[in-house]
Amino acid sequence: MMDIAEGRDIVVGIDPAGGWLLPLAWAADEAHRRNVRLRLVLAVPSPHDTEHVVDDTAQHNAVRQAGSDTLEEAAVWVRERHPETELATVLRDGYPAPALCGTSRHARMIVLGSRHLSRPEEIFSGCSVVLPVTAQAHCPIVVVGGSERFAQGSPHLVVGVDGSESSKTAMAFQEASLRGCELHAISVWQPPVFSFQNETAAVGAQRRMLTETAAGRAQEYPDVKLTHEVLTGHPVECLAEAAEHALALIVGRRGRGGYTGIRLGSVVQGLLHRAHCPVITVPGG
């Protein structure tokens, strides 16, 4: 995975159907915090009905103009929030998911809102953005839900650790250091349906893995207050509940048992539906 410092822009996908304010606010604040450029991307699908080319062209031009107006509205909003942040707007033809994935090789992160589509719609609909971009992007993806929630208690991030890769742990420490907040590392042991494995021994092994994974990074970031915990239950429910009042939840794109076909672990898919805080998904190393 590319280091968080290598990419240049923070990219935010602007949904012409609306609901872009919260993800835009999150992205604008991150660009301001890092002193990097913010790029607003809006994609307009091309017309497909070749039997009515004139009508399709006129309609497409009207949709493009509406998209351009939306981009300008979003840009004005960012300039009012962070006047010193460098800003770029991009209007592209095509479906949004491929357009956004194309920017991921040279971005620090891509920030998206969620339309809360059903799972069949996410997999089969051309309007699906969150699932395909999260599964295919080369940079971290941030999905900001549709309602604003405020962190409670000490500001903190939560990172899910399963021992499958270290890239998400590295990013979690970087993000916590950048924000000056605490980091809560969580590993979840899910009891198998049929097993003679001793639960105490299994949880102990999970705790050792968690401690070893976090130890090296903790030495690199002595300013980050780290806590860690092993929970028992379903990973989606445990992580979502643990991150209920977090600034964000950081997970790897594919954990053990992920679905190779779509390159997105089942836990990540569940958290994109279940978690209330922003979910940051990190590609594996």
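Scroll up to find the structure this text is about.
Residues numbered from 1 in each chain as written. Predicted model: local features only at pLDDT ≥ 70, side-chain atom pairs only at ≥ 80, totals over all residues. Heavy atoms only, no water.

J.: How do you make sense of the nonpolar core when you look at a structure like this?
T.: Across soluble globular proteins, nonpolar side chains show a tendency to be buried alongside one another. Ile14, Leu24, Leu38 and Val111 are the most contacted members of the largest nonpolar core, which totals 43 residues. Top contributing element to this core by residue count: helix H1 (residues 21–34), with five residues. Not counting chain neighbours up to four residues away, the residues in contact with Val111 comprise Ile10, Val11, Val12, Gly13, Pro23, Trp26, Ala27, Val142 and Val144. Core analysis: the second largest hydrophobic core is formed by 37 residues, Val90, Val133, Ala137 and Ala275 among them. (Core = buried A, V, L, I, M, F, W, Y, C linked by side-chain atoms within 4.5 Å. Buried < 20%, exposed > 50% of the residue type's maximum accessible area, 1.4 Å probe, protein only. Helix = DSSP H or I, 4+ residues; strand = E, 2+ residues; numbered from the N terminus. Contact = heavy atoms within 4.5 Å.)

J.: Explain the pattern of salt bridges to me, please; I cannot follow it from the model alone.
T.: Oppositely charged side chains may form a pair once their charged atoms are brought near each other. According to the stated counting rule, one finds 14 salt bridges in the structure shown. Residues Arg34 and Glu30 are paired through a salt bridge, measuring 2.2 Å at the closest nitrogen-oxygen approach. Of this pair, Arg34 and Glu30 both sit in helix H1, four residues apart, which is roughly one turn of that helix. Accessibility assignment for this pair places Arg34 and Glu30 in one class, buried. As a salt-bridge pair, Lys225 and Glu182 come within 3.8 Å of each other at their nearest N and O atoms. Taken as a pair, Lys225 in the loop between helix H7 (199–220) and strand E8 (226–232) and Glu182 in strand E7 (residues 182–189) lie far apart in primary sequence, 43 residues in all. On the basis of relative accessible area, Glu182 is assigned to the partly exposed category, the value being 24%. (Salt bridge = Lys/Arg side-chain N within 4 Å of Asp/Glu carboxyl O.)

J.: Which parts of the structure should I look at to understand the pairing of strand E2 (residues 38–44)?
T.: One face of the sheet, then the other: side chains in a regular strand alternate in exactly this way. With respect to burial, E2 is a largely interior element, seven of its seven residues being buried. By the alternation rule, side chains of E2 split into Leu38, Leu40, Leu42 and Val44 and Arg39, Val41 and Ala43, which are all buried. Note that strand E1 (residues 9–13) and E2 share four bridges and pair parallel. Looking at the pairing, Ile10 lines up with Leu38 of E2. Since E1 and E2 lie parallel, the crossover through H1 that links them has a hand, and here it is right-handed. The pairing of E2 with strand E3 (residues 87–93) spans seven bridges and is parallel. What sits directly across from Leu42, in E3, is Leu91. (Pairing = 2+ DSSP bridges. Right-handed = clockwise from strand over helix to strand, strands pointing away.)

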